[in-house]
Amino acid sequence: MEIQNFSFTPCEDNKEPIFARTTISMYLFNSKSSEPSSGLGEVMVVMALAFEPEVGIPIDRFVVKVVAIECAAPCYLKPSHIPDGAQPSKVLFEKNFGTIALHEKVHLGLRWHSKIKKVEYFQDGKLLADFIIPVEKKGDSFFGTSQLDIGEFVPSCAKPSSVKMVSSFDNVEVY
């Protein structure tokens with residue numbers, strides 16, 4: 001995975017930060033229903049390269065972030081992005097593992113051991129973390145399994161603000 005281009009214009013008059021992330025993620029199972037009909041109860045693991053200005057890193061560096069969540073419907077990763085009246089997702093595990101630079105290639109990996117409900121997070125072949133999912137499986141995932149994604153969030157702002165991220169994925173492996 002590589003972030004090839006990145007730009008943003010901050011929104012100084014808004015307390016909600018702009019953020020951008022490029023991710024690999026997996027939906028593992030549903031914890032609420034044996035026949036899910038929405039994202040409610042989806043257990044999702046994410047590995048991301050994230051630009052988060054509130055963390056205090058320079059614009060040309062990106063946090064290597066891992067997260068496991070039990071979704072509300074829809075599934076929000078950041079509490080500040082939950083619309084009024086929506087339920088927050090439950091963070092089961094979250095940790096940052098240093099930063100990488102713009103144009104730096106990194107090999108990220110997720111491995112799921114369904115029998116013991118353990119997820120492993122890898123960077124460049126090295127195990128960064130492992131985590132046992134602490135909720136029971138009631139059914140298969142409503143959404144399927146793995147996905148690649150680029151997510152951007154720009155809060156409403158009185159002044160023009162923007163965020164743009166261009167990422168590449170190659171040699172993708174799903175375990």
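All figures in this text were calculated on a predicted structure; none of them were measured in a lab. (Residues numbered from 1 in each chain as written. Predicted model: local features only at pLDDT ≥ 70, side-chain atom pairs only at ≥ 80, totals over all residues. Heavy atoms only, no water.)

Right, let's talk about the environment of I133 for a bit. Mapping I133 onto the fold places it in the loop between β8 (126–132) and β9 (146–153). The spacing of I133 and F93 is 40 residues in sequence and 8.7 Å in space, taken between C-alpha atoms. Discounting chain neighbours no more than four positions away, the residues touching I133 are L28, F29, V43, V45, A68, L92, W112, K117 and V119. (Helix = DSSP H or I, 4+ residues; strand = E, 2+ residues; numbered from the N terminus. Contact = heavy atoms within 4.5 Å.)

Another aspect to go through is the sheet that holds strand β6 (residues 108–113). Overall, antiparallel pairing links the 3 strands, which are arranged β6-β7-β8 in an open sheet. Every other strand in the sheet has two partners, leaving β6 and β8 as the edge strands with one partner each. Here the strands of the sheet are splayed against their neighbours by 20° on average, with no regard to which way each runs. The pairing of strand β7 (residues 118–123) with β8 spans 6 bridges and is antiparallel. Among the inter-strand pairings, K118 is bridged to a residue of β8, identified as I132. (Pairing = 2+ DSSP bridges. Axes fitted to C-alpha atoms, helices over the stretch in contact; angles between N-to-C directions.)

For the rest of this paragraph, the subject is the pairing of strand β4 (residues 61–70). By the criterion of burial, β4 is predominantly enclosed, with 9 of the 10 residues buried. For strand β3 (residues 42–51) and β4, the ladder comprises 8 bridges, and the chain directions are antiparallel. Pairing of M44 across the sheet is with I69, part of β4. Across 9 bridges, the pairing between β4 and strand β5 (residues 90–101) is antiparallel. Of the residues in β5, the one forming a bridge with V66 is K95. (Buried < 20%, exposed > 50% of the residue type's maximum accessible area, 1.4 Å probe, protein only.)

Evaluation of the coordinates by the stated rule reveals 7 salt bridges. A salt bridge links R111 to E120; the shortest N-O distance between them is 3.6 Å. Residue classification places R111 among the partly exposed residues on the basis of a relative accessible area of 27%. On the basis of relative accessibility, which here comes to 10%, the residue E120 falls in the buried class. Of the charged contacts, one joins D130 and K118 as a salt bridge, the two residues approaching to 3.8 Å between their closest N and O atoms. With D130 in strand β8 and K118 in strand β7, this residue pair connects regions lying 12 residues apart in the sequence. For D130, a relative accessible area of 39% translates into the label partly exposed. (Salt bridge = Lys/Arg side-chain N within 4 Å of Asp/Glu carboxyl O.)

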